[in-house]
Each structure stands twice: as structure tokens, then as C-alpha cells.
Amino acid sequence: MVFDWIEPNQGVIRCRLAAVIKQTNSYIFINRNGMKVAQMNLDELINAINTQEIEPIEQNNAVFDSA
């Protein structure tokens with residue numbers, strides 16, 4: 001799933017959910033270069049979506065992979 005990550009100092013960063021680690025309840029997001037943009041737990045992710053700090057933009061990876 002592809003997201004726009006909105007950072008106040010850096011603007012909008014396009015990223016995708018790369019991994020979910022069940023043991024630590026962590027969600028890891030990477031940018032187009034494969035660099036980690038963010039790592040958060042489920043509560044932090046829900047809060048980020050509710051505050052529109054992170055917004056889902058596409059259900060498939062075509063937008064991300066074609067860039």
C-alpha cells in the first residue's frame with residue numbers, strides 16, 4: 001500500500017508499507033529508494049492516519065513501482 005507521509009519540515013514524502021513485524025507490533029515504511037522513512041506501532045499508525053500525517057493514496061503498487 002502506498003502512502004503520502006506529510007512531514008512539517010520536509011513536505012510530502014511518498015512511501016509504502018514494507019514490513020509488519022508481529023513480534024514487536026511494528027510497521028515499517030520505506031521511500032522509493034528503499035530507505036526507511038518511518039517505523040511505528042499500531043497505535044501510532046492509527047493516530048497518524050486520523051491526524052492526516054499519513055494518507056493512503058493507492059491500493060496497488062503500480063504508482064510506486066513505476067517511478
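Values in this document were obtained by computation on a predicted structure and should not be read as measured data.

Draft legend 1. The arrangement of the confidence of the model for the chain in detail. Residue-level pLDDT values for the chain average 86, and 85% of them are 70 or greater. Per-element confidence in the chain ranges from a low mean pLDDT of 54 for helix H2 (residues 62-66) to a high of 96 for strand E3 (residues 26-30).

Draft legend 2. Region of interest: the pairing of strand E2 (residues 11-21). Note that strand E1 (residues 2-7) and E2 share six bridges and pair antiparallel. What sits directly across from valine 2, in E2, is arginine 16. Hairpin connection from E1 to E2: three residues lie between these consecutive antiparallel strands. One ladder, built from five bridges, connects E2 with E3; its direction is antiparallel. In the strand pairing of E3, alanine 19 is matched with isoleucine 28. Hairpin remark: E2 followed by E3, antiparallel, with four residues in the connecting loop; positive phi at asparagine 25, about 55 degrees.

Draft legend 3. Region of the structure containing the pattern of salt bridges. Enumeration according to the criterion identifies one salt bridge in this entry. We note a salt bridge from aspartate 4 to arginine 14, for which the minimum N-O separation is 3.0 Å. With aspartate 4 in strand E1 and arginine 14 in strand E2, this residue pair connects regions lying 10 residues apart in the sequence.

Draft legend 4. Local environment of the side chain of aspartate 4. Overall, aspartate 4 belongs to the buried group, its relative accessible area being 14%. Only 3.0 Å separates the side chain of aspartate 4 from the side chain of arginine 14, close enough to count as a polar contact. Non-local contacts of aspartate 4, meaning those with residues more than four positions away in its chain, are made with Val12, Ile13, Arg14, Glu53, Ile54, Glu55 and Ile57.

Draft legend 5. Just unusual backbone geometry, in detail. In this model, asparagine 25 sits at a positive phi of 55 degrees, which is unusual for a non-glycine residue. Along the chain, asparagine 25 turns up in the loop between E2 and E3. Although it is not a glycine, glutamine 52 adopts a positive phi angle of roughly 60 degrees. The residue glutamine 52 is located in the loop between helix H1 (42-50) and strand E5 (54-58) in this model. Residue classification places glutamine 52 among the exposed positions, given a relative accessible area of 52%.

Rules used in this analysis
Residues numbered from 1 in each chain as written. Predicted model: local features only at pLDDT ≥ 70, side-chain atom pairs only at ≥ 80, totals over all residues. Heavy atoms only, no water. pLDDT = per-residue confidence, 0-100. Helix = DSSP H or I, 4+ residues; strand = E, 2+ residues; numbered from the N terminus. Pairing = 2+ DSSP bridges. Salt bridge = Lys/Arg side-chain N within 4 Å of Asp/Glu carboxyl O. Buried < 20%, exposed > 50% of the residue type's maximum accessible area, 1.4 Å probe, protein only. Polar contact = N/O pair within 3.5 Å; in protein donor to acceptor, adjacent residues only side chain to side chain. Contact = heavy atoms within 4.5 Å.

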